[in-house]
Amino acid sequence: MLQNKKILLGVTGGIAAYKSLSLVRLLVKNGCEVKVILTQAAQSFVTPLSFSTLSKNLVLTDNFNSKTGEWHNHVELGNWADLMLIAPASANTLAKMALGISDNLLITTYLSAKCPVFIAPAMDLDMYAHPTTQENLSKLAKHGNQIIPATEGELASGLWGQGRMAEPEDIITFIENTNRKKTQKFVGKKVLITAGPTQEPLDPVRYITNYSSGKMAYSIADVFSKEGAEVMLISGPVQISPPSQTKLISIITAKEMYEKVIQHFHSADIIVCAAAVSDYRPEVYVDNKIKKTDSFFKLNLVKNPDIAKELGQIKEDDQILVGFALETENYLENAKKKLLEKNFDLIVLNKGNQANVGMMSDTNEVDLIFKNGKTINIGLKDKKLIAQDLVDSIFDIIK
Ligand code: C5P
């Protein structure tokens, strides 16, 4: 993710500066080009030579190189960087950054930089906890800088507390996670997805159901979750595990699914009804196994709640409702009818009588039909890829 990024690393005076040598190694290993600025105080802990060896790049310490007469242009440096990282950031440097005291190359470059800036403070616990340091940190955060909190542990003073610079691996993970969040499409959005079949028991050993593997719904949950959404799956019995990061509520019958969906519907921004809900259930449940007696057995069925239809009636204008249609004839016509009947914003049409599509299969071919009549055909492909196309289309509706 950091591949080919130009990183400007500022190192200030603190014992944690030795860890920044590993940080440079890791950044270079991740495919970054690294330029380092050392403050005067940093050079008492680490040498420019160590950094230039590891970064295979020029290391800068001052605005002006007295030996060559060369002027190091802080504006150019600031523009060069895709990302600026100050690690370790001493209390002194934090204070100068917060106030704009530009008496060294690091601060002048910081003030000129237009790229994202990450700050990893390191100092003794009392310095870190001091209201001045904390105020400076919150001021810097307010200015849009990303603060990588110091961690707890043994400090150079021998004391124990918060003030250790985050480990180089953790600094890289922090930067990657922050960058990922920026590109995720559904950060802060709550998504409710119904999945799988329902089972409607007639006695302790028998039930009626629909074919459904849950693969399509679980793939949609996975994509939403990777795009930063908070995902809840309300799912009937399936043989697959829910994607990590999603909350799973397991149900058996349509009535149970209905109750859970109604309970959570109002807090959802996006609702995807991908479950193959049984339209009917046995009128009575018999407590003991039904014995075979006559040649014919009559089973009375009663209608289950149409969850999607009811959601369509109560949904708010800012909620997006997506449904599925499994049709075996008059595909587009039937799906469009369902879209209107259930007040969906988007319906996914499955053609139920074709090879390698729908229900238990890993692949699918669908049409996405929007409220405004626009239709997109998504040719035969893996359900995971179809899920990505669907989630992208939902994003287009929100945009
Ligand atoms: O009417 P039909 O069952 O074809 O509609 C399919 C859509 O309605 C799907 O999105 C399905 O999840 C949803 N549905 C539902 N509750 C039902 C039946 C279907 O939510 N009882």
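Higher on the page you've got the structure.
(A) Up close: the overall build of the protein. Looking only at helices and strands, the protein features 13 helices and 22 strands. Compactness check: the protein gives a C-alpha radius of gyration of 30 Å against a globular reference of 21 Å for 399 residues, more than 25% above the reference. Here the C-alpha coordinates of the protein stretch approximately 105 × 45 × 35 Å along the principal axes. For the protein, long-range pairs separated by at least 24 residues make up 66% of all intrachain contacts whose partners lie at least 6 apart in sequence. Accessible surface computed for the protein: about 20500 Å², of which carbon and sulfur atoms make up 50%.

(B) Geometry of the packing of helix α4 (residues 91–99) against helix α7 (residues 131–142). Remark: α4 packs on α7, axes separated minimally by 9 Å, with the N-to-C direction vectors making an angle of 50°. Taken together, the axes of α4 and α7 are oblique relative to one another. Judged by the sense of rotation from one axis to the other, the crossing of α4 with α7 is left-handed. Residue-level inspection shows Ala91, Leu94, Ala95, Met97, Ala98 and Leu99 of α4 in contact with α7, the latter providing Thr133, Asn136, Leu137, Lys139 and Leu140. Of the residues in the contact of α4 with α7, the class split is eight nonpolar, two polar and one charged.

(C) Spotlight on helix α10 (residues 254–265). Compared with an ideal rise of 1.5 Å per residue, which puts twelve residues at 16 Å, α10 spans 16 Å between its outermost C-alpha atoms and is within 8% of the ideal. Taken as a whole, α10 has its buried residues at Ala254, Met257, Val261, His264 and Phe265. Down the axis of α10, the sector holding all buried residues measures 105°, keeping them to one side.

(D) Representation of the pattern of salt bridges in the model. A complete count under the given rule lists 14 salt bridges for this structure. Glu167 is paired through a salt bridge with Lys19; the nearest N and O atoms lie 3.0 Å apart. Of this pair, Glu167 sits in the loop between β10 (160–164) and α8 (168–183) while Lys19 is found in helix α1 (residues 17–29), placing the two residues 148 residues apart along the sequence. On the basis of relative accessible area, Glu167 is assigned to the partly exposed category, the value being 29%.

(E) Inspection of the packing of aromatic side chains at higher detail. Under the counting rule described, the total for this entry stands at three aromatic pairs. Ring centres of Phe186 and Phe224 lie 4.9 Å apart, and the angle between their planes is 75°; on these two criteria the pair is classed as edge-to-face. Here Phe224 lies in helix α9 (residues 215–226) and Phe186 lies in the loop between α8 and β11 (190–195), a separation of 38 residues in the sequence. Each member of the pair, Phe186 as well as Phe224, is classed as buried. Taking 5.7 Å as the distance between ring centres and 75° as the angle between the ring planes, the aromatic pair formed by Phe186 and Phe395 counts as edge-to-face.

(F) Representation of the pairing of strand β21 (residues 363–370). In terms of residue burial, β21 counts as a mostly covered element, since six of its eight residues are buried. For strand β20 (residues 346–351) and β21, the ladder comprises five bridges, and the chain directions are antiparallel. Residue pairing across strands places Val348 opposite Leu368, the latter belonging to β21. Bridging between β21 and strand β22 (residues 375–382) involves six bridges; their strand directions are antiparallel. Residue pairing in the sheet places Asn364 in a bridge with Lys381 of β22.

(G) Main features of the site of the ligand. In the vicinity of the ligand, the contacting residues are Cys273, Ala275, Val277, Asp279, Pro305, Asp306, Ile307, Ala308, Gly323, Phe324, Lys338 and Lys342. Between the ligand and Ile307, the relevant distance is 3.1 Å, taken from a nitrogen atom to a main-chain nitrogen or oxygen of the residue. Here Lys338 contributes a side-chain N or O atom positioned 2.4 Å from an oxygen atom of the ligand. Burial of the ligand by the protein amounts to 86% of the accessible area it has alone, namely 450 Å². Counting only elements with at least two residues in the shell around the ligand, the list comes to α11 (307–314) and β19 (320–327).

(H) Main features of the sheet that holds strand β1 (residues 6–11). Pairing is parallel across the open sheet formed by six strands, whose spatial order is β3-β2-β1-β6-β7-β8. The open sheet has two edge strands, β3 (59–60) and β8 (146–147), and neither has a second partner. Bridging between β1 and strand β6 (residues 83–89) involves four bridges; their strand directions are parallel. Note on β6: the bridge partner recorded for Leu8 is Met84.

(I) Quick peek at the packing of α4 against helix α5 (residues 105–112). Contact geometry of α4 with α5 gives a least axis separation of 10 Å together with a crossing angle of 40°. In terms of orientation, α4 lies oblique with respect to α5. For α4 against α5, the interelement crossing comes out right-handed. In contact with Thr93, Lys96 and Met97 of α4, α5 contributes Leu106, Ile107 and Tyr110.

(J) Fine view of the environment of Thr109. With respect to the element layout, Thr109 can be found in helix α5. For the pair formed by Thr109 and Glu365, sequence separation is 256 residues and the distance between their alpha carbons is 53 Å. Thr109 has contacts with Leu8, Ile37, His74, Leu77, Gly78 and Met84, leaving out every residue within four places of it along the chain.

(K) Quick peek at the pairing of β10. Bridge count for strand β9 (residues 151–154) against β10 is four bridges, and the pairing is antiparallel. What sits directly across from Glu154, in β10, is Trp160. Here β9 hands over to β10 after five residues, with Gly158 in that stretch at a positive phi of 95°.

Rules used in this analysis
Note on numbering: residues in each chain are counted from 1, in written sequence order. Note on the predicted model: pLDDT of at least 70 is required for a residue's local features to be given, and 80 or more for side-chain atom pairs to be given and counted; whole-chain, interface and lining totals, by contrast, use all residues. Each side-chain value is derived from all of the structure's non-hydrogen atoms; neither hydrogens nor water enter the calculation. Here a strand is any run of E in DSSP of at least two residues, a helix any run of H or I of at least four, and the numbering for each starts at the N terminus. Computation of the radius of gyration draws on C-alpha atoms, with the globule rule given as 2.2 Å multiplied by the number of residues to the power 0.38. Contacts: residue pairs with any heavy atoms within 4.5 Å of one another. Here the open area of atoms and residues is found with the Shrake-Rupley method and a 1.4 Å probe, where only the protein chains shown may cover a residue. Every axis corresponds to a line fitted to the C-alpha atoms, with the helix fit spanning only the stretch in contact, and the corresponding angles, defined between N-to-C directions, vary from 0 to 180 degrees. Put simply, angles under 35 degrees are roughly parallel, angles over 145 are roughly antiparallel, angles from 65 to 115 are roughly perpendicular, and the rest are oblique. The crossing is said to be left-handed when, going from far helix to near helix, the turn is anticlockwise and less than a right angle, and right-handed when the turn is clockwise. Here the term charged refers only to Asp, Glu, Lys and Arg, the term nonpolar to Ala, Val, Leu, Ile, Met, Phe, Trp, Tyr, Cys and Pro, and the term polar to all other amino acids, Gly among them. Each helix should span, by expectation, one fewer than its residue count multiplied by 1.5 Å. Here the term buried applies to any residue with accessible area under 20% of the maximum for its type, exposed to any over 50%, and partly exposed to those in between, with areas from a 1.4 Å probe on protein chains only. By arc we mean the arc of the directions from the helix axis to the C-beta atoms, nothing more. By convention in these notes, a salt bridge is any Lys or Arg side-chain nitrogen within 4 Å of a carboxyl oxygen on Asp or Glu. Working definition: a ring pair exists when centres of Phe, Tyr or Trp rings (six-membered ring for Trp) sit within 6.5 Å. Plane angles under 30 degrees give stacked, over 60 give edge-to-face, the rest tilted. Whether two strands pair comes down to DSSP finding at least two bridges between them. Residues are classed as near a molecule or strand on a simple rule: at least one heavy atom within 4 Å of it. Two N or O atoms count as a polar contact when they lie within 3.5 Å, although within protein this holds only if one can serve as hydrogen donor and the other as acceptor, and sequence-adjacent residues are included solely when both atoms are side-chain atoms.

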